[in-house]
Amino acid sequence: MKRIGLTQHLIGEQRLHNNIPAELRLLLEVVARACKTISHAVGKGALGDVLGSAHSENVQGEVQKKLDVLSNEILLEANEWGGHLAAMASEEMETIHPIPNRYPMGEYLLLFDPLDGSSNIDVNVSIGTIFSVLRAPDAMVAPTEQDFLQPGSRQVAAGYALYGPQTLLVLTTGHGVNCFTLDREMGSWVLTQRQMQIPEETKEFAINASNTRHWHPPVTRYVDELLAGSTGPRGKDFNMRWVASMVADVHRILNRGGIFMYPGDSRDPSMPGKLRLMYEANPMAFIVEQAGGAATDGRQRIMDIQPEKLHQRLPVFLGSAREVDLVTGYHAV
Ligand code: AHM
Ligand code: MG
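Presented here is a report on the structure given in the accompanying data block. These figures come from a predicted structure and were not determined experimentally.

About the criteria used
- Residues numbered from 1 in each chain as written.
- Chains lettered and ligands numbered in written order.
- Predicted model: local features only at pLDDT ≥ 70, side-chain atom pairs only at ≥ 80, totals over all residues.
- Heavy atoms only, no water.
- Helix = DSSP H or I, 4+ residues; strand = E, 2+ residues; numbered from the N terminus.
- Core = buried A, V, L, I, M, F, W, Y, C linked by side-chain atoms within 4.5 Å.
- Buried < 20%, exposed > 50% of the residue type's maximum accessible area, 1.4 Å probe, protein only.
- Contact = heavy atoms within 4.5 Å.
- Near = heavy atom within 4 Å.
- Polar contact = N/O pair within 3.5 Å; in protein donor to acceptor, adjacent residues only side chain to side chain.
- Areas by Shrake-Rupley, 256 points an atom, 1.4 Å probe, with all protein chains shown as cover.
- Domains from an automatic or database assignment.

On to unusual backbone geometry, then. At N18, a position not held by glycine, the phi torsion is positive, near 55 degrees. Secondary-structure assignment places N18 in the loop between α1 (6-17) and α2 (22-44). In the Ramachandran plot, H55 falls in the positive-phi region, its phi being about 55 degrees despite a non-glycine side chain. Structurally, H55 can be placed in strand β1 (residues 53-57).

Turning next to the nonpolar core. Soluble, globular proteins show a tendency: their nonpolar side chains are buried together. One finds L110, F131 and V133 to be the most contacted residues of the largest nonpolar core, which totals 43 residues. With 11 residues, α2 is the single largest residue contributor to this core. Residues contacting F131, with those up to four places away along its chain left out, are L28, V31, L110, L111, F112, A158, G159, Y160, L169, L171 and P283. A206, V247, I287 and V316 belong to the second largest nonpolar core, which has 35 residues in total.

In this section: the site of ligand 1. Near ligand 1 there are 17 residues, and of these D116, G117, S118, M246 and Y262 occur at the shortest range. Within the contact set of ligand 1, an oxygen atom lies 2.9 Å away from a side-chain nitrogen or oxygen of N208. With respect to ligand 1, the side chain of R276 contributes an N or O atom lying 3.2 Å from an oxygen atom. Taking 470 Å² as the accessible area of ligand 1 by itself, protein coverage stands at 89%. Going through the elements one at a time, β5 (108-116), β13 (259-262) and β14 (275-276) are the ones with two or more residues in the shell around ligand 1. Two domains share the shell around ligand 1, each providing at least three of its residues, namely domain 1 (6-193) and domain 2 (204-332).

Below, the structure written as structure tokens:
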């Protein structure tokens with residue numbers, strides 16, 4: 001089989017669709033390279049002295065792990081100097097990170113969750129990096145947080161790296177979803193799955209069931225119907241899976257179908273959900289839609305939401321379109 005690397009794939013896509021100018025290609029190559037470095041650090045574990053807490057908190061009040069901080073630094077350093085970006089934003093930083101004056105300023109904005117699945121970092125369960133690319137507004141002189149607040153439908157690219165038994169890179173630039181496997185000996189990303197499509201028929205769902213008692217009625221109704229199995233209204237048995245790393249759960253759904261839910265619940269009205277719109281839900285929604293699935297917050301398409309804050313949270317329902325439509329419909333009654 002002829003091996004196609006990331007660069008060759010991106011150039012091929014540009015020739016077909018004229019959607020990846022050289023500057024965007026450079027950006028994606030640099031992000032992919034940073035993910036290789038993160039993968040290497042993750043793989044060292046205790047031998048690299050990278051496990052455990054960094055003894056600091058991020059803006060969301062979550063305790064940062066050493067690998068959260070390290071992955072954030074790797075992405076910042078890799079992307080600062082290339083001239084392709086105007087600014088970056090991250091789950092781990094309170095506000096945006098403009099490109100320092102000593103480097104040329106590019107026309108893209110990059111958002112990332114440097115290491116998603118924090119609770120799995122120290123226990124050797126799959127974790128990942130999620131990223132989203134936006135175009136900087138035309139007349140922008142010095143980037144501000146406001147410049148990032150664009151709906152997900154404006155993303156020009158999104159992807160995730162999955163650090164599991166294999167290291168994978170899943171990427172969309174708006175013409176389907178492709179998956180690359182890291183060849184660890186060669187240090188290169190090799191195209192291994194083209195045009196991924198989420199199967200429509202599914203018997204699998206993902207939700208943190210420990211929150212059951214806090215759910216709102218539409219979520220309870222939907223999950224109860226799944227749990228009722230072959231004797232319930234769905235007429236078939238469903239299986240439950242929850243990795244607690246969104247990247248791993250989404251990757252399973254891309255390959256095998258299913259629905260991922262992190263609903264809002266009745267605990268804290270100021271927390272409409274756990275996941276963040278700009279660097280978790282939007283990139284995943286873009287990928288899932290490009291693979292034929294759907295993504296809503298229970299009421300509307302995630303990518304239509306006009307963001308109000310960089311670290312805005314929301315309920316998330318994504319995966320096989322029929323299932324997402326069903327639970328979204330339950331919110332309307
Ligand atoms: P993180 O960005 O701090 O890692 O949080 C996001 C993660 C998702 O990857 C995952 O789906 C969810 O939070 C897990 O939540 P829970 O701990 O409730 O299972
Ligand atoms: Mg996260």
